[in-house]
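Chain by chain, the residues run as shown.
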Amino acid sequence: MIRERLRPLASQAKRAYVQLMLDVVGRSLEAISQVDDEVRGEVAVLPDGFLFSMQVMPKGPALFIRKQRDGSLQYLGGGVAQRPDLSIQFKHLHHAFLVLSFQEKTAQSFANDRMLVDGDLGYAVRMTRVLNRLETFILPRLVASRAVKEYPDNLGLPEKVFSAARIYLKVAMNFVDTVRSS
Amino acid sequence: MSYYEFFCPVKVIAGQAALEHLPYEFSSRAVERPMVVTDKGVRNAGLLDKVLSACEEGGMDITVVYDDVPADSSKQTVTAIAKEYRKQKCDGILAIGGGSPIDTAKAVNILVSEGGDDIAQYAGSGVLKRPLKPFFVIPTTAGTGSEVTNVAVIADTEKEVKLPFASGFMLPDAAVIDPRMTLTLPPQITAATAMDAMTHSVEAFTCLAKNPLSDAYAAAAIKKISNNLLKVMEKPDDAERRLELAQASTMAGIAFSNSMVGLVHALGHSLGAACHLPHGLCMSLFLPYVLEYNLEEIREPLSELLLHLAGPEIYAMTPRSQRAEESIATIRKLRDDLHRHCGLPRTLQETGKVEKSQLDRIAQMTIDDGSIMFNPKEASLEDARAVLEKAWA
Ligand SMILES: [Fe+2]
């Protein structure tokens with residue numbers, strides 16, 4: 001007898017959470033790249049039109065970001081047909097969940113072989129720094145210090161931009177609880 | 001709780017008369033017409049002859065030899081060798097040498113197995129999906145560990161970029177480690193390459209991707225280097241100790257290819273590129289200062305390493321709270337001893353090839369180097385600059 005297995009609720013929630021957080025990260029990256037000098041400095045080195053993506057294997061949620069000529073980043077959503085110049089691919093939904101719920105540092109996740117990096121490793125290092133910087137903006141200090149190796153003390157927060165992201169994040173955090181309790 | 005992966009499918013053939021096992025290894029993979037890939041240095045040192053005559057005695061005549069691999073191998077070199085391989089109808093590759101011939105041979109193997117003339121199309125990680133042609137490696141410097149790493153770097157001289165290749169399929173079927181191959185290595189190269197292996201082990205043991213299996217290889221390699229390096233400097237023709245160093249290099253290679261390296265390599269890659277200094281020397285110049293920089297993040301593993309660096313007596317005599325510092329002091333002392341033996345520079349200034357005005361650019365290159373990703377402590381531009389300043393004089 002062939003029986004179709006129903007996808008458990010926790011896994012659905014996890015997928016929804018990862019999808020939502022990738023969207024939060026994408027929008028926030030776009031915002032932060034317009035106001036933060038440190039991020040602009042990191043991004044300056046990337047060639048114009050540089051396409052960066054984070055994806056969950058196989059064919060899971062994704063985010064695509066393109067470097068604009070004015071030095072900022074543009075969020076392109078979750079589906080772009082073009083092959084990215086640099087991609088970070090999580091081997092499993094769960095690994096993306098660990099990173100995006102800030103339970104595992106990005107660098108540690110890479111070190112643990114939980115994700116594949118395809119492209120110039122130097123650019124990957126830069127994007128990791130940009131993501132770390134982003135996390136320090138949108139997360140409360142306590143959570144951020146777990147998610148990045150070191151929490152910078154020279155944060156000049158452009159508050160307004162990120163209060164929206166924070167509210168978003170609060171909604172998202174409910175998913176963590178949903179997943180954990182099931 | 002931690003998670004790790006560990007992979008090393010390379011058969012290691014090591015010890016006295018290891019070269020004489022080559023014909024059997026070739027036949028076990030049905031190789032009848034291997035192509036040797038090596039460089040002039042290996043030929044001129046008489047090492048190629050040793051390999052060829054060991055094979056000849058074993059009933060295998062090797063007639064196809066490419067001995068012109070340059071120090072920084074390029075796309076064109078790879079294409080040229082692959083063309084020769086096809087023309088000669090070879091059915092396997094034997095690389096003899098240090099990092100450059102081995103990396104070149106790895107890339108040649110991709111081309112002759114997958115087809116085409118442009119190696120650039122296979123750049124990146126995870127591109128290869130199936131096994132390549134039979135491939136064997138004989139390392140001639142006890143340092144790089146390339147015989148057990150799944151990466152290669154080839155220069156694209158037209159676009160002025162370095163093409164990285166990474167795949168488990170690039171690993172050789174076997175690595176042959178014979179003490180005869182490193183017996184005549186000059187003192188400074190012996191010292192520098194051993195410090196490269198030492199750095200592979202220490203970084204593997206202290207960086208983000210450390211794991212129990214790579215730890216075991218790293219610790220054992222450090223012990224071998226600590227016990228044998230200075231003795232080899234005193235008595236270069238001691239085949240037994242040469243073999244110990246060669247094995248340590250392979251073990252260190254297994255360790256770091258599974259747990260990566262950190263800031264010492266990021267700084268070293270940058271210094272090497274900017275000032276054209278040998279890689280092993282760059283490692284030796286930065287190792288103590290990076291350990292100092294990382295100290296509070298790595299106190300525990302670095303304390304453990306004292307046992308392997310200095311031996312059980314000193315380990316036992318040193319109070320627990322001082323062991324990490326003592327490990328750094330031991331490495332500094334080794335560096336100073338090597339300077340006494342063969343003049344291996346101790347500081348950037350002593351190399352005579354670095355200008356102080358270059359340090360800013362080297363720091364910038366350092367924070368863009370991929371190896372910095374796995375350093376246990378975040379390093380900013382200012383941090384990298386500060387370490388360079390300390391290493392200056
Ligand atoms: Fe190295």
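Residues numbered from 1 in each chain as written. Chains lettered and ligands numbered in written order. Predicted model: local features only at pLDDT ≥ 70, side-chain atom pairs only at ≥ 80, totals over all residues. Heavy atoms only, no water.

The name given to chain B in an unreviewed UniProt entry is Alcohol dehydrogenase, and the organism recorded there is Halovibrio salipaludis. The record held by UniProt for chain B lists under Sequence similarities (unreviewed entry) the comment "Belongs to the iron-containing alcohol dehydrogenase family." The annotation that UniProt attaches to chain B under Cofactor (unreviewed entry) is "Fe cation". (UniProt positions renumbered as here; feature names shortened; annotations may be inferred.)

As recorded in an unreviewed UniProt entry, chain A goes by SCP2 domain-containing protein and comes from Halovibrio salipaludis.

So, on to the sheet that holds strand β1 (residues 11-14) of chain B. Residue and element names in this part refer to chain B. Spatially, the six strands line up as an open sheet ordered β1-β9-β6-β4-β2-β3, and their pairing is parallel. Sheet topology places β1 and β3 (64-66) at the edges, where each strand pairs with a single neighbour. Taken pair by pair, the neighbouring strands of this sheet meet at an average axis angle of 20°, ignoring direction. Those strands touched by helix α4 (residues 75-87) are β2 (34-37), β3 and β4 (92-97), and its axis lies near 155° from that of β2. (Pairing = 2+ DSSP bridges. Helix = DSSP H or I, 4+ residues; strand = E, 2+ residues; numbered from the N terminus. Axes fitted to C-alpha atoms, helices over the stretch in contact; angles between N-to-C directions. Contact = heavy atoms within 4.5 Å.)

Turning to the coordination of the iron ion, a few remarks are in order. All names here are of chain B. Those protein atoms acting as donors to the iron ion are D196 (OD), H200 (NE2), H265 (NE2) and H279 (NE2), and they sit at 2.2 Å. Around the iron ion, the four donor atoms sit at angles spanning 84 to 164°, and that spread fits a shape best called irregular. In primary-sequence terms, the residues that donate to the iron ion follow D-x3-H-x64-H-x13-H. Of this pair, D196 sits in helix α6 (residues 187-206) while H265 sits in helix α9 (residues 263-275), and the two are 69 residues apart along the sequence. Note on H265: relative accessible area 3%, which makes it buried. (Donors = N, O, S within 2.8 Å, 3.2 Å for Na, K, Ca; no water. Tetrahedral: all angles 85-135°; square planar, octahedral: opposite > 155°, others 65-115°. Buried < 20%, exposed > 50% of the residue type's maximum accessible area, 1.4 Å probe, protein only.)

Our next topic: the pairing of strand β8 (residues 161-166) of chain B. Residue and element names in this part refer to chain B. Pairing geometry for strand β5 (residues 124-125) and β8, over two bridges, is parallel. Within β8, the residue paired with G124 across the bridge is F165. Where strand β7 (residues 151-156) lies against β8, six bridges are found, and the strand directions are antiparallel. Residue pairing in the sheet places A155 in a bridge with K162 of β8. Between β7 and β8, which pair antiparallel one after the other, the connecting turn spans four residues, and E160 there sits at a positive phi close to 55°.

The next subject is the UniProt feature "domain: Fe-containing alcohol dehydrogenase-like C-terminal" (unreviewed entry) in chain B. UniProt tags residues 190-392 of chain B as "domain: Fe-containing alcohol dehydrogenase-like C-terminal" (unreviewed entry). The span residues 190-392 of chain B shows a helical share of 77% and a strand share of 0%, and its end C-alpha atoms are spaced 23 Å apart.

On to the pattern of salt bridges, then. Residue and element names in this part refer to chain B. Within the structure shown, the criterion is met by 35 salt bridges over all chains. Salt-bridge contacts for R130 lead to E114; the nearest nitrogen and oxygen are separated by 2.9 Å. Taken together, the residues R130 in the loop between β5 and β6 (135-139) and E114 in helix α5 (residues 99-114) connect sequence positions 16 residues apart. Assessed through its relative accessible area of 47%, R130 is described here as partly exposed. In this structure E114 comes out as partly exposed when scored by relative accessible area, which is 23%. With a closest N to O distance of 3.0 Å, D337 and K333 form a salt bridge. On the criterion of helical spacing, the pair formed by D337 and K333 is a turn pair, its members being four residues apart in helix α12 (residues 323-342). D337 gets classed as buried once you look at its relative accessible area, which sits at 9%. (Salt bridge = Lys/Arg side-chain N within 4 Å of Asp/Glu carboxyl O.)

Taken together, the 19 residues of chain B in the interface contact 20 residues of chain A. Summed over both partners, the interface of chain B with chain A comes to about 1800 Å²; 49% of that surface belongs to carbon and sulfur atoms. Counting the surface chain B buries against chain A, the share from its top three residues, Y3, M373 and E378 of chain B, is 36%. Across the contact surface, chain B and chain A share three salt bridges. (Buried area = accessible area lost by both parts, 1.4 Å probe.)

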